[in-house]
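In case you want the letters, here they are:
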Amino acid sequence: MQNHIAEFRKAAGLSQQELADAIAVSRKTISTVETSRFTPSVIIALKIAQRFNTSVEHLFTLDDGD
């Protein structure tokens with residue numbers, strides 16, 4: 001799965017820590033999600049999407065092998 005969280009975050013002028021604080025997770029969680037080392041729970045994905053006023057589908061896309 002690929003994601004566009006870093007792009008949305010940078011466009012909003014937020015650091016990983018600021019995004020983490022906004023959705024009540026650790027900065028490490030944001031880092032590992034952005035680098036696709038961790039697939040977030042539905043709740044975390046929804047919170048991120050809500051923070052950027054977009055849909056989960058705009059943030060995450062499936063790879064051919066997913």
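Residues numbered from 1 in each chain as written. Predicted model: local features only at pLDDT ≥ 70, side-chain atom pairs only at ≥ 80, totals over all residues. Heavy atoms only, no water.

Asks: Would you take a moment to explain the overall build of the protein chain for this structure?
Replies: Secondary structure assignment for the protein chain yields five helices and two strands. Seen in sequence order, the protein chain has helices and strands lined up from the N terminus as β-α-α-α-α-α-β. For the protein chain, the C-alpha radius of gyration of 11 Å lies close to 11 Å, the compact-globule estimate for 66 residues. Along the longest, intermediate and shortest principal axes, the C-alpha atoms of the protein chain span 30 × 20 × 20 Å. Taking all contacts inside the protein chain whose residues are at least 6 apart in sequence as the whole, residues at least 24 apart take part in 57%. Computed over 7 positive and 8 negative side-chain charges, the separation of the two mean positions in the protein chain equals 10 Å. (Helix = DSSP H or I, 4+ residues; strand = E, 2+ residues; numbered from the N terminus. Rg over C-alpha atoms; globule rule 2.2 N^0.38 Å. Contact = heavy atoms within 4.5 Å. Lys, Arg positive; Asp, Glu negative; His and termini not counted. Charge placed at Lys NZ, Arg CZ, Asp CG, Glu CD.)

Asks: Teacher, can you tell me more about the packing of helix α2 (residues 16-23) against helix α4 (residues 42-51) here?
Replies: Geometrically, a packed helix pair is captured by the angle between its two axes and the distance between the axes. At their nearest, the axes of α2 and α4 sit 10 Å apart, and the two run at 110° to each other. The angle between α2 and α4 falls in the class roughly perpendicular. The crossing of α2 and α4 is right-handed. Facing Leu19, Ala22 and Ile23 of α2, the residues of α4 in contact are Ile44, Lys47, Ile48 and Arg51. Residues belonging to the contact of α2 with α4 are distributed by class as follows: five nonpolar, no polar and two charged. (Axes fitted to C-alpha atoms, helices over the stretch in contact; angles between N-to-C directions. Parallel < 35°, antiparallel > 145°, perpendicular 65-115°, else oblique. Left-handed = near helix turned anticlockwise from the far one by under 90°. Nonpolar A, V, L, I, M, F, W, Y, C, P; charged D, E, K, R; others polar.)

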